[in-house]
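An overview of the molecular structure
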Amino acid sequence: MTPSILIFFVLAALAVIGAVSLILQRHPIHSALSLIVVMVALAGLYLLLGAEFVTAVQIIVYGGAIMVLFIFVIMLLNDGEEERTNFSKLATFGGIPLAVAIAGLIAAAIAHSTGDLPAATANGSLTSSKTLSMLIFTDFVYPFELTSFLILIAILGAIVLAQREN
Amino acid sequence: MNEFLSQYAYLIVPIIKIAILVLVVLTVDAYLTWLERKVIAHIQARWGPHRVGPHGLLQPLADGLKFIFKEDPMPANVDKVAYVLAPFITFLLAFTSLAVIPFGPQTFTIWGYQTTVGIADVNISLLVLFAITALGVYGIALAGWGSNSKYSLLGGLRSSAQMISYELSLTLSVVGVLLIASDFSLRKIVEQQGTSGNGLLSWNIFPQIIGFTCFFISAIAETNRVPFDLPEAESELVAGFHTEYASMKFAMFFIAEYTSMIAVSCLATILFFGGWLSPFPASWTFTFYLPSVILIPFGLWVIFDGIRYENIFGRILLPGIGTILTLLGAALLLFPQVNGIVQGPFWFFAKVFIFLFVYIWMRGTLPRFRYDQLMSFGWKFLLPVSIANVILTSAVILWRTRQ
């Protein structure tokens, strides 16, 4: 077993454990902390693929900015622990079969895939921050600008909603 | 044995380097608290620590022992996971941020493994540093929330809001430097500032004076130091987020604060003040003797001051330290090769020391911001100015390339 595969399994296990703990925790802050573990483990997986820039951005944006905002809001509301409830009917009769079906679908897809997948190339065209930014600001400049416009509208909407309550 | 060493050098060498760095930084942290107390005392016309050892030089040791042997009570109804985890996260991240900082220009080979002065030489070291800073909020936020105390919670909330606000201008203020260097690697950024051979004139501080001002202000806010120390404003919040911590857990917050001060000073040195580069033009070879010229007179002065000290312990210890410093300076004169190696780190640490002194100086001088002033200053002044700096810098670079 090569070191990189070992690191992959550790990080993958961390991500899965974090995701499960995110759902099972009863306190919102513990759930948020589990989500941070998932984000950082995913960043480690990106690093393993040789995408340094994406790793840093994943930690700065998701691990840092967004999750800090989550924690900040939870702390501000200072909510207590959640009560355990019986599962809703929809979750029992709709959710569980659906989850099994999706898991089966993925398993079948993996089982049917023949041959080796093409190996990911480290230091390929997408990993360097320079080529990545060149692509964003030349070929994909319209989608990029549209996305930022969409986010701006969302921020304005949030401000309008917050103002109305006062 | 040698075979083993060369086979696992990629593991052993970094571990040794990390151990040395951690030891050095912990010692510097300890003496930084001594320096801070001394400098602030002299600003306020007092003597500062004076009893433990000559000139209070053993005070950090006494403080360290006190922290270790103090009782470490856990308050009732705290969130145990968050309460215990918080100081560790803060401590760990503060030290991790030092891992990507290059301290000198040389590369050397140990046991067939080529390595640099610094722990890791990453292509995107600046982004790594920002990623670590981004995670740094959690330690303080969790400490504030996990302590189950109103003062701590308010301190934690203030701190998270402050760090989110000032992280934006911190990141935007270095974009100017990135545009000039067109690289994320701290090593490349320093090397780019030394290409012209004009010494101090080619540093980034001159084209990026606005960027540096924004960077330094936001960096102080990120490290929660005066005048931005609202998370632990003692007159309002007792001690803010670390009110409920004692013993080593408190010491970890304390050490982390000083370590992140060092990290920020290193970053300011690298980004704007040419890192390990000498401020003099390369043709002025006599500046090579500057480390000796500073060390020898300082050592002699310490000896001269020490022999008149009031107790016998000081009359032995101080001249001893002075003799070591003088001999060190003389050794640098005698061995030009060693002197050549020392040049880079000498300038680096000299600049870092000046920044650390400015940090302490400000603590002795400036009053604390009011909370609403802090927020409006960050969002309405610092952020627009750093965005304007980005636009200005890109416009100038574009204009120059068009010519």
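Everything numeric in this text was worked out from a predicted model, so none of it was measured.

Here's the deal with the overall build of chain A
Looking only at helices and strands, chain A has six helices and zero strands in total. Listed N to C, the secondary structure of chain A is α-α-α-α-α-α in terms of helices and strands. Looking at chain A residue by residue over its 166 residues, the buried ones come to 24%. When contacts within chain A are restricted to residue pairs at least 6 apart in sequence, those whose partners lie at least 24 apart make up 61%. Counting every atom, chain A has about 12200 Å² of accessible surface; 74% of that belongs to carbon and sulfur.

Regarding the pattern of salt bridges
All names here are of chain B. What the rule picks out here adds up to nine salt bridges over all chains. The salt bridge partner of Arg-37 is Asp-63, with a shortest N-O separation of 3.1 Å. Placement of the pair is Arg-37 in helix H2 (residues 9-43) and Asp-63 in helix H3 (residues 59-69), with a sequence separation of 26 residues. Given a relative accessible area of 37%, Arg-37 falls into the partly exposed group. Residue Lys-188 pairs with Asp-183 through a salt bridge whose shortest N-O separation is 4.0 Å.

Some remarks on the side chain of Thr-393 of chain B
Following the sequence through the fold, Thr-393 of chain B ends up in helix H16 (residues 371-402). Polar side-chain contacts of Thr-393 of chain B include one of 3.1 Å to the side chain of Gln-208 of chain B.

Topic: unusual backbone geometry
Residues and elements named next belong to chain B. One non-glycine residue with positive phi stands out, namely His-55, at about 55°. What makes His-55 partly exposed here is its relative accessible area of 28%. Here Ser-182, not a glycine, exhibits a phi torsion of approximately 45°, which is positive. With relative accessibility at 43%, the residue Ser-182 sits in the partly exposed group.

The rules behind each value
- Residues numbered from 1 in each chain as written.
- Chains lettered and ligands numbered in written order.
- Predicted model: local features only at pLDDT ≥ 70, side-chain atom pairs only at ≥ 80, totals over all residues.
- Heavy atoms only, no water.
- Helix = DSSP H or I, 4+ residues; strand = E, 2+ residues; numbered from the N terminus.
- Buried < 20%, exposed > 50% of the residue type's maximum accessible area, 1.4 Å probe, protein only.
- Contact = heavy atoms within 4.5 Å.
- Areas by Shrake-Rupley, 256 points an atom, 1.4 Å probe, with all protein chains shown as cover.
- Salt bridge = Lys/Arg side-chain N within 4 Å of Asp/Glu carboxyl O.
- Polar contact = N/O pair within 3.5 Å; in protein donor to acceptor, adjacent residues only side chain to side chain.

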